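Listed below are the residues making up each chain.
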There are 2 protein chains.
Amino acid sequence: MKYGIIGTGAIGGYYGAKLAHAGQEVHFLLHRDYEYVRQHGLQVDSCDGSFHLDNVNVYQRAEDMPQCDVVLVGLKSVNNDKLQSLLPPLLHAHTLVVLIQNGIGVEEDVQQMFPDVQLAAGLAFICSAKTEPGLVSHQCYGSINLANYSCKDEALMQTVVDEFRQAGIETGLVEYHEARWKKAVWNMPFNGMTVAMHTQTDQLLKNQSTRQLIREQMMEVVSAAQHLGVKNLDESFVDKMIETTDAMTPYSPSMRLDYDFHRPMEIYYLYTRPLEIAREAGCPMPKLEMLEAELRFLEADLIPWHVSGTR
Amino acid sequence: MKYGIIGTGAIGGYYGAKLAHAGQEVHFLLHRDYEYVRQHGLQVDSCDGSFHLDNVNVYQRAEDMPQCDVVLVGLKSVNNDKLQSLLPPLLHAHTLVVLIQNGIGVEEDVQQMFPDVQLAAGLAFICSAKTEPGLVSHQCYGSINLANYSCKDEALMQTVVDEFRQAGIETGLVEYHEARWKKAVWNMPFNGMTVAMHTQTDQLLKNQSTRQLIREQMMEVVSAAQHLGVKNLDESFVDKMIETTDAMTPYSPSMRLDYDFHRPMEIYYLYTRPLEIAREAGCPMPKLEMLEAELRFLEADLIPWHVSGTR
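Residues numbered from 1 in each chain as written. Chains lettered and ligands numbered in written order. Predicted model: local features only at pLDDT ≥ 70, side-chain atom pairs only at ≥ 80, totals over all residues. Heavy atoms only, no water.

Asks: Let's hear about the pairing of strand β6 (residues 70-73) of chain B: which residues, and what values?
Replies: Residues and elements named next belong to chain B. The two faces of β6 match: V70 and L72 on one face and V71 and V73 on the other face are all buried. As paired elements, β6 and strand β7 (residues 96-99) share 4 bridges and run parallel to each other. Following the sheet pairing, V73 is matched in β7 by L99. (Buried < 20%, exposed > 50% of the residue type's maximum accessible area, 1.4 Å probe, protein only. Helix = DSSP H or I, 4+ residues; strand = E, 2+ residues; numbered from the N terminus. Pairing = 2+ DSSP bridges.)

Asks: Can you break down the environment of H27(A) residue by residue, with the values?
Replies: All names here are of chain A. Take H27: it is sitting in strand β2 (residues 25-29). Here H27 falls in the buried class, since its relative accessible area comes to 5%. Leave out the neighbours within four places in its chain, and H27 touches K2, Y3, G4, I5, N57, Y59, M65 and P66. At 2.7 Å, the side chain of H27 and the side chain of E25 are in polar contact. (Contact = heavy atoms within 4.5 Å. Polar contact = N/O pair within 3.5 Å; in protein donor to acceptor, adjacent residues only side chain to side chain.)

Asks: Now, about the packing of helix α6 (residues 176-196) of chain A against helix α8 (residues 208-227) of chain A: what can you tell me, with residues and values included?
Replies: All names here are of chain A. Contact geometry of α6 with α8 gives a least axis separation of 9 Å together with a crossing angle of 145 degrees. Remark: the crossing between α6 and α8 carries right-handed chirality. Between α6 and α8, the residues in contact are W181, A184, V185, W186, M188, P189, F190 and M193 and T210, L213, I214, Q217, M218, V221, V222 and A225, respectively. Residues belonging to the contact of α6 with α8 are distributed by class as follows: 14 nonpolar, 2 polar and no charged. (Axes fitted to C-alpha atoms, helices over the stretch in contact; angles between N-to-C directions. Left-handed = near helix turned anticlockwise from the far one by under 90°. Nonpolar A, V, L, I, M, F, W, Y, C, P; charged D, E, K, R; others polar.)

Asks: Tell me about helix α9 (residues 235-247) of chain B, and name the residues and values.
Replies: Think of an α-helix as turning once every 3.6 residues; residues three or four places apart then point the same way. All names here are of chain B. Compared with an ideal rise of 1.5 Å per residue, which puts 13 residues at 18 Å, α9 spans 19 Å between its outermost C-alpha atoms and is within 8% of the ideal. All of the buried residues in α9 are F237, V238, M241, I242 and T245. The arc that holds the buried residues of α9, viewed along the axis, is 140 degrees, so those residues lie on one side. In α9, the exposed positions angled more than 90 degrees off the buried face are occupied by E243 and A247. In this structure, the buried residues of α9 make contact with α6 (176-196), α7 (201-206) and α8 (208-227). (Expected span 1.5 Å × (residues − 1). Arc of directions from axis to C-beta.)

Asks: Could you give me a rundown of the relation of the copies chain B and chain A, with the residues and numbers involved?
Replies: Between the two copies of the chain lies a relationship made up of a rotation around an axis and a movement along it. Rotating chain B by 180 degrees and moving it 0.0 Å along the rotation axis overlays it on chain A with an RMSD of 0.0 Å. Each copy turns onto its partner about a two-fold axis. For chain B, the minimum C-alpha distance to the rotation axis belongs to K287(B) and amounts to 2.8 Å. Here 100% of the interface residues in chain B have copies in chain A that are interface residues too; the copies meet face to matching face. (Least-squares fit on C-alpha atoms with pLDDT ≥ 70 in both.)

Asks: Any details on unusual backbone geometry? Residues and values, ideally.
Replies: With a phi angle near 55 degrees, Y141(A) is a residue other than glycine that sits in the positive phi range. Following the sequence through the fold, Y141(A) ends up in strand β9 (residues 135-148).

Asks: Talk me through the environment of D162(B); I want residue IDs and the actual numbers.
Replies: Take D162(B): it is sitting in helix α5 (residues 154-166). In sequence terms D162(B) and E35(B) are 127 residues apart; their C-alpha atoms lie 32 Å from each other.

Asks: So what's going on with the UniProt feature "domain: Ketopantoate reductase C-terminal" (unreviewed entry) in chain A? Which residues, and what values?
Replies: When the UniProt feature table is mapped onto this chain, "domain: Ketopantoate reductase C-terminal" (unreviewed entry) is found at residues 178-298 of chain A. Across residues 178-298 of chain A one finds 76% helix and 0% strand; the C-alpha atoms that close the span lie 31 Å apart. (UniProt positions renumbered as here; feature names shortened; annotations may be inferred.)

Asks: Explain the pattern of salt bridges residue by residue, including any values.
Replies: Under the counting rule described, the total for this entry stands at 36 salt bridges over all chains. Among the salt bridges present, the one from D109(A) reaches R273(A), with a minimum N-O distance of 2.7 Å. Remark: R273(A) occurs in helix α11 (residues 267-280) and D109(A) occurs in helix α4 (residues 106-113); sequence separation between them is 164 residues. As far as the burial class goes, D109(A) and R273(A) line up, both buried. Measuring nitrogen to oxygen at the nearest pair gives 2.8 Å for the salt bridge that ties E216(B) to K287(B). Note that E216(B) is positioned in helix α8 and K287(B) in helix α12 (residues 286-302), a separation of 71 residues in sequence. (Salt bridge = Lys/Arg side-chain N within 4 Å of Asp/Glu carboxyl O.)

Asks: Give me the lowdown on the side chain of T8(B), citing residues and values where you can.
Replies: Residue and element names in this part refer to chain B. By the secondary structure assignment, T8 is in the loop between β1 (2-6) and α1 (12-21). Among the polar contacts made by the side chain of T8, one reaches the main-chain carbonyl oxygen of L29 at a distance of 2.8 Å. T8 has contacts with G13, F28, L29, L30 and K130, leaving out every residue within four places of it along the chain.

Asks: Lay out the packing of aromatic side chains with the relevant residues and their values.
Replies: Under the defined criterion, the tally for this structure stands at 12 aromatic pairs over all chains. Look at W186(B) and F190(B): their rings are 4.8 Å apart centre to centre, the planes differ by 35 degrees, and that puts the pair in the tilted class. Pair noted here: W186(B) and F190(B) are both in helix α6, with a separation of 4 residues, about one helical turn. When its relative accessible area of 13% is taken as the criterion, W186(B) is described as buried. Summarising the aromatic geometry, the rings of Y268(B) and Y269(B) are spaced 4.8 Å apart at their centres and angled 80 degrees between planes, so their arrangement reads as edge-to-face. Exposure remark for Y268(B): the relative accessible area of 6% places this residue in the buried category. A network of ring pairs unites the aromatic residues Y14(A), Y15(A) and F164(A) as a single cluster. Its end group placed over the ring of F125(B), K183(B) keeps NZ or CZ at 5.1 Å from the ring centre. (Phe/Tyr/Trp six-rings, centres within 6.5 Å; stacked < 30°, edge-to-face > 60°. Lys NZ or Arg CZ within 6 Å of the ring centre and 35° of its normal.)

Asks: Give a detailed account of the confidence of the model for chain A, specifying residues and quantitative values.
Replies: The share of residues in chain A with pLDDT of 70 or more is 96%, and the mean pLDDT across the chain is 95. Contacts for the low-pLDDT stretch residues 304-311 of chain A, under 50 throughout, to residues beyond four places or in other chains number 25 contacts. (pLDDT = per-residue confidence, 0-100.)

Asks: Outline the domain arrangement of chain A, listing residues and values.
Replies: Residue and element names in this part refer to chain A. What the domain assignment lists for chain A is domain 1 (2-174) and domain 2 (178-302). Listed as interface residues are 24 residues of domain 1 and, on the opposing side, 19 residues of domain 2. Each partner contributes to the roughly 1800 Å² buried at the junction of domain 1 and domain 2, and carbon and sulfur atoms together form 53% of this total. It is K76, N102 and I104 that lose the most area in domain 1 upon contact with domain 2, and together they represent 40% of the buried surface on that side. Between domain 1 and domain 2 we count 4 salt bridges in total. Scanning the region where domain 1 abuts domain 2 turns up 11 residue pairs in polar contact (both at pLDDT 80 or more). If you list the elements that add at least two residues to the side of domain 1 that touches domain 2, you get α4, β8 (118-132) and β9. Classifying every residue of the side of domain 1 that touches domain 2 gives 13 nonpolar, 7 polar and 4 charged. (Domains from an automatic or database assignment. Buried area = accessible area lost by both parts, 1.4 Å probe.)

What follows is the structure, given as structure tokens:
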């Protein structure tokens, strides 16, 4: 199978390099780092064993890439409008596009752009960063869950799972809605609250008032998801998320890093969209609505030279 | 009538000085500024006309003060436990104690300390600050509403109103619950949000997301108050508060100043107590609950050397 990577950063760069390192044919789209990687290859500094790829299939323009069987999209969701032009050259009639992105609603919107394409969600549990040109620094975790959104070819989904596993990536195959909403249970409280309070996960849990608030925000997501018919999700999952986060080292979620580095925050798919879905279903999430407003304020106030969200 | 002032700061200092300037007998309790004011008197720099009081009745200890007919309490509510020792020397059988303080529940708690004392609420609409020893700087507004909490002597209430007016203070006599909750409509959103977002009133209203949030928070207070039987309070009052604030110059409410100067914030009576009352009445205020949690976090995180609230 041919793999294509759109968004060769912390996420796309890591999973693409792992697949290439295991012998898969992988084609990387690069922007600023194109020249560097073409000359020097791709380095992954990893807690699971570092490695270097010497000869990487790199491209500066999507038009120059071959049609692929699987495309991994590692773009920030704020840039999804670019898929309009980046994706078509890589597609053949049966290409599977895997959106390894945060939030709720990305698949629905990309499907509207490309009604016939086969889509899956990729839910990555990983701490990694693109720290220098051609260098992915992978600190911990690394597993990924794949969820079928509109892929009619179940064998293809399973093949992708198998090839990820052969590349040494811990990979699960999960139900789409359950997976997206479960991830939102952690993502919605912690991403925004670490930005609004200029802090990290551990401090929010150490303070009894914000610990309680985080729990209530998580329960808002659980209630909305239950209302929307999502299965296998109740208060025990909230307990588990709090426990897991208690056990983590102090952590800055991606939105906190985006904010700190004055990059656009993924407010639209992490907040606006799921809040809208929940409200329309008659199960609003008031505390997360307030968090969205605070983020919109901070975004406008502190980084006026950036536009956030795809809408 | 004899007036006693406990808490000779921006509020107690201003109203006490205005009364003394108009010829009333006023006795001031002072702490750090005692020696200065004893020697140099009290200066009021005011937008309505500045004046100086040469010979001021000042005391360092409540025990040395005479019994008074009216006591104005201008303490921050975080210090109300001190009333236990400060108030008794000033009380006779018919003393009226006016709590010129922020929040909901101060009268109830002071009444529990002193079951037989006659209490009133004082709701000040004033921008003033004690900028130096013996100097009250009064920038704008200055009116006060008095509300009867437990004063059986209606003639006494009216006399106080009359004497305030004779002193050139715009003074209203209003219904207690309505007045306290109406003030909370403005106080609860703006005090906390200017702290949480490190901003001022105008910026919160300029941003469409926080403007909407402020409105929703105000509506939470209106709904809770209506639920508690408060009259003459509906959405039109929210419109009026937003309009009024639009017309104000950029403003930092008292809690923002307390936070900036690392003084304890009045979280208990401005948030904890009214939130509890609303929750118990079956009409919770979720967005203001979240704001309380954020304030508790900021309080613990940034000023660990202060204790906030009386509880």
